[in-house]
Amino acid sequence: IVFGLTLALSFIPTAIYSERIVKERWEIDKEYAEFLRDVTELRKSGFTPEKTFETLRYTRRYGAFDPLLDRMVRQIRYGVPMRDVLSSIMSKLHSYYSKIFTFLLTETIDLGGASPQVLDMLANFASSIVSVQENMRARLKPLRYVPYIGSIILIITLVIIIFSVVAIFTRIGPGGIAAGPVGNSLVNLLATSFSFTVVIDSFIMGLIAGKLGEGELSLGFRHAVVLTLLIVVVYALSPFIAHALFGSMSMPSSSLPY
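Remember, predicted model here, so these are calculated numbers, not experimental data. (Residues numbered from 1 in each chain as written. Predicted model: local features only at pLDDT ≥ 70, side-chain atom pairs only at ≥ 80, totals over all residues. Heavy atoms only, no water.)

## Remarks on the side chain of Ser-202
- Mapped onto the elements of the fold, Ser-202 is located in helix H9 (residues 181-214).
- With relative accessibility at 0%, the residue Ser-202 sits in the buried group.
- Among the polar contacts made by the side chain of Ser-202, one reaches the main-chain carbonyl oxygen of Val-198 at a distance of 2.8 Å.
- Beyond its immediate chain neighbours, meaning those up to four positions away, Ser-202 contacts Ser-151, Leu-227 and Ile-231. (Helix = DSSP H or I, 4+ residues; strand = E, 2+ residues; numbered from the N terminus. Buried < 20%, exposed > 50% of the residue type's maximum accessible area, 1.4 Å probe, protein only. Polar contact = N/O pair within 3.5 Å; in protein donor to acceptor, adjacent residues only side chain to side chain. Contact = heavy atoms within 4.5 Å.)

Right, dumping it as structure tokens:
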């Protein structure tokens, strides 16, 4: 139990940070596509690329993309070339797709003259990428629950195995093997080794849940923490589970290794 709690609590900050970064990245991808669409519409109206950026900065809101747009507008006012302006936000982008959008936008403005037709193609491309990603995540969502089912089956199997062995030991010999120090040591060793394995397996299953269900391994830390805490709770309640399964054959809760 102590090992499981320590493992879960130590990864809570990682889970929170990972979730914040991933959601911010998804939001930037989505808002970037909207930004490109608005840039295209303003270019069709005759605005220069620099003017489109400044106009959109004060007329539209793009959520997590706003700080990046602010950074670009400030540099544009200082007379920095558009290629350098767009290159400066590359290091701030955590998304591979947003970096691709930025690269294509840079080439479109620098080499293609920011033609409305080319910008329209880029905006359509960005929108299609974001749409595909959202549809994929929606389809993968049900898969996140598969590791939860596996972990629950694993811990229930552990409880059954341990208490089955204990029930057998307590029936061997006149006083029962488990009644002596050797029997207690054997039971403690068996329960501890199995519990360590189950906790580690559940943590790994949580990482798999993030990858399977949301397409991001980093989001698996959240599931890993939840699964590990779930295993700890079930293990703490294992005497009651064993009593329900085996009745009088189960060992007293005081002899469990906590």
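What follows continues from the structure just given.
## Observations regarding the environment of Thr-108
- If you trace the backbone, Thr-108 turns up in helix H6 (residues 96-110).
- With 14 residues separating them in the primary sequence, Thr-108 and Leu-122 have C-alpha atoms 8.7 Å apart.
- With residues up to four places along the chain from it excluded, the contact list for Thr-108 reads Gly-113, Ala-114, Val-118, Leu-119 and Leu-122.

## Remarks on helix H1 (residues 2-10)
- Along H1, the residues that are buried comprise Gly-4, Leu-7 and Ala-8. Across the axial projection of H1, the buried residues extend over an arc of 95°, all falling on one side. More than 90 degrees from the buried face of H1, the exposed residues found are Val-2 and Leu-9. (Arc of directions from axis to C-beta.)

## A few points about the packing of H6 against helix H7 (residues 116-140)
- As a packed pair, H6 and H7 sit with axes 10 Å apart at the nearest point and diverge in direction by 175°. One way to sum up the angle between H6 and H7 is to call them roughly antiparallel. Where H6 abuts H7, its residues Tyr-97, Ile-100, Phe-101, Leu-104, Leu-105 and Thr-108 lie against Val-118, Leu-119, Leu-122, Phe-125, Ala-126, Ile-129 and Gln-133.
- Each residue belonging to the contact of H6 with H7 can be placed in one class, and the counts come to 11 nonpolar, 2 polar and no charged. (Axes fitted to C-alpha atoms, helices over the stretch in contact; angles between N-to-C directions. Parallel < 35°, antiparallel > 145°, perpendicular 65-115°, else oblique. Nonpolar A, V, L, I, M, F, W, Y, C, P; charged D, E, K, R; others polar.)

## Observations regarding the environment of Ala-33
- Looking at where Ala-33 falls in the secondary structure, it is placed in helix H2 (residues 12-44).
- Once residues within four sequence positions are removed from consideration, Ala-33 is found in contact with Ala-126, Ser-127 and Val-130.

## Concerning the environment of Ala-15
- Along the polypeptide, Ala-15 turns up in helix H2.
- Exposure remark for Ala-15: the relative accessible area of 9% places this residue in the buried category.
- Once the C-alpha coordinates of Ala-15 and Ser-218 are considered, the two residues, 203 residues apart in sequence, prove to be 7.6 Å apart.
- Ignoring sequence-local partners within four residues, the contact set of Ala-15 consists of Phe-221, Arg-222 and Val-225.

## Notes on the packing of H2 against H7
- H7 packs onto H2 with a crossing angle of 155° between their chain directions and a minimal axis gap of 9 Å. With respect to each other, H2 and H7 are oriented roughly antiparallel. Considering how the two elements wind past one another, H2 and H7 form a crossing that is left-handed. For the pair H2 and H7, the contacting residues are Trp-26, Asp-29, Lys-30, Ala-33, Leu-36, Arg-37, Val-39, Thr-40, Arg-43 and Lys-44 in the first and Pro-116, Leu-119, Asp-120, Leu-122, Ala-123, Asn-124, Ala-126, Ser-127, Val-130, Glu-134 and Arg-137 in the second.
- For the contact of H2 with H7, the residue count by class is 10 nonpolar, 3 polar and 8 charged. (Left-handed = near helix turned anticlockwise from the far one by under 90°.)

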